[in-house]
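Coordinates in review
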Amino acid sequence: MAIDDGPRFAFGTLTVLPVRVRRWDRTAGRAGMLCAPLVGLALGLTAAALGGPLLLGGNPLLAAVATVAVPAALTRGLHLDGLADTADGLGSGKPAADALRIMKQSDIGPFGVLTLVLVLLAQVAALARLYASGWPEAATAIAVAALTGRTAMTLACRDGVPAAREDGLGRTVAGTVPPRTAWLLAALTTLAAAAVGALFGPYAAAHYALATALALTASELLLRRCRSRLHGVTGDVFGALCETAVTAVLVVLGVW
């Protein structure tokens, strides 16, 4: 496998960037999902850079909306769509096969719409408060949130977590990452968040580390629910895990 197959898989699968995925197998999938946090970091930094200029006009709310819109645009709404589909599947209360069928439909049901609206409102509200404190705080928060969200996806690819379907992204990447590697990456993400938070003081370092740890815990609880109800993960589930972690980081940093 070429050394760039992992980044190609990650950026070509998780963003709309014109990156050609040359290999679509489990070996490339493992390398790609190990690179997923880098995708999150790139998206977060881009969102912070593009949202910041709107703050110059003195409008934190508009800057927050723009910041949330950037990752959505650069992923073609992929993770948000996965969140809505997962909410519809889990909310249906139907057996796994029927829930998976609901998730694969092109339309969005009431559970999906409600979840999508509430999550986007939470992200915008949290970011607006952070922007009110200044651009550095908001930029750092969105970068850490995006990084944590993609780390949650990598954790969900660890060995022992099965795919719910026989096709799709879930089948390609599920169970490909060694558990020790996945948890080590989670620990490194938490440490990185603490290090960045330390730029704002000792309390902020602990705050950022706590936000990351709570976000990964929230996504892990959702993963367990999906394993119980759907018997595994799908591409939609990965999107739901990502958005759950992103939202949790922003809420913890923006509200507490």
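A brief look at the structure comes next.

Rules of the game
- Residues numbered from 1 in each chain as written.
- Predicted model: local features only at pLDDT ≥ 70, side-chain atom pairs only at ≥ 80, totals over all residues.
- Heavy atoms only, no water.
- Helix = DSSP H or I, 4+ residues; strand = E, 2+ residues; numbered from the N terminus.
- Expected span 1.5 Å × (residues − 1).
- Buried < 20%, exposed > 50% of the residue type's maximum accessible area, 1.4 Å probe, protein only.
- Contact = heavy atoms within 4.5 Å.
- Lys, Arg positive; Asp, Glu negative; His and termini not counted.
- Salt bridge = Lys/Arg side-chain N within 4 Å of Asp/Glu carboxyl O.
- Polar contact = N/O pair within 3.5 Å; in protein donor to acceptor, adjacent residues only side chain to side chain.
- Core = buried A, V, L, I, M, F, W, Y, C linked by side-chain atoms within 4.5 Å.
- Axes fitted to C-alpha atoms, helices over the stretch in contact; angles between N-to-C directions.
- Parallel < 35°, antiparallel > 145°, perpendicular 65-115°, else oblique.
- Nonpolar A, V, L, I, M, F, W, Y, C, P; charged D, E, K, R; others polar.
- Left-handed = near helix turned anticlockwise from the far one by under 90°.

**Thoughts on helix α7 (residues 110–133)**
Here α7 spans 35 Å end to end across 24 residues, near enough to the 34 Å set by a 1.5 Å rise per residue. When α7 is considered as a whole, its buried residues turn out to be G112, L116, V119, Q123, V124, A126, L127, A128, L130 and Y131. The secondary structure elements touched by the buried residues of α7 are α3 (36–55), α4 (60–74), α5 (78–91), α8 (135–156) and α12 (235–255). One or two steps after α7, the chain reaches G134, where phi turns positive at roughly 135°.

**Some remarks on the side chain of R165**
Relative to the assigned elements, R165 resides in the loop between α8 and α9 (168–173). The side chain of R165 sits in the buried core without any salt bridge; D236 is the nearest counter-charge, 4.9 Å away. A polar contact of 2.6 Å, which involves the side chain of R165, links it to the backbone oxygen of L100. Sequence-distant contacts of R165, defined by excluding residues within four places in its chain, comprise L100, M103, K104, R171, V233 and T234.

**A closer look at the nonpolar core**
Core analysis: the largest hydrophobic core is formed by 73 residues, its most contacted members being L230, F238 and L250. Contact partners of L230, with chain neighbours within four places excluded, come to L90, A96, A99, L100, M103, A164 and V237.

**Let's talk about the packing of α5 against α12**
Contact geometry of α5 with α12 gives a least axis separation of 7 Å together with a crossing angle of 105°. Taken together, the axes of α5 and α12 lie roughly perpendicular to each other. From α5, H79, L80, D81, G82, L83, D85 and T86 reach across to α12, where they touch D236, V237, G239, A240, C242, E243 and T244. The residue inventory of the contact of α5 with α12, partitioned by class, reads five nonpolar, five polar and four charged.

**A look at the pattern of salt bridges**
Within the structure shown, the criterion is met by eight salt bridges. The residue D5 makes a salt bridge to R22 at a minimum N-O spacing of 3.4 Å. One end of the pair, D5, is in helix α1 (residues 5–14); the other, R22, is in the loop between α1 and α2 (26–34), and 17 residues separate them in sequence. According to the relative accessible area criterion, D5 is buried, its value standing at 6%. Residue R22 is classed as partly exposed on the basis of its relative accessible area of 38%.

**Some words on the packing of α3 against α4**
Working note: a packed helix pair is described by the angle between its axes plus the distance between those axes. Direction vectors running N to C along α3 and α4 enclose 150°, while the axes themselves pass 8 Å from each other. By the angle between their axes, α3 is roughly antiparallel relative to α4. The way α3 lies across α4 gives a crossing that is right-handed. Mapping the contact onto sequence places L43, T46, A47, L50, G51, L54 and L55 in α3 and P60, L62, A63, A66, T67, V70, P71 and L74 in α4. Of the residues that constitute the contact of α3 with α4, the class distribution is twelve nonpolar, three polar and no charged.

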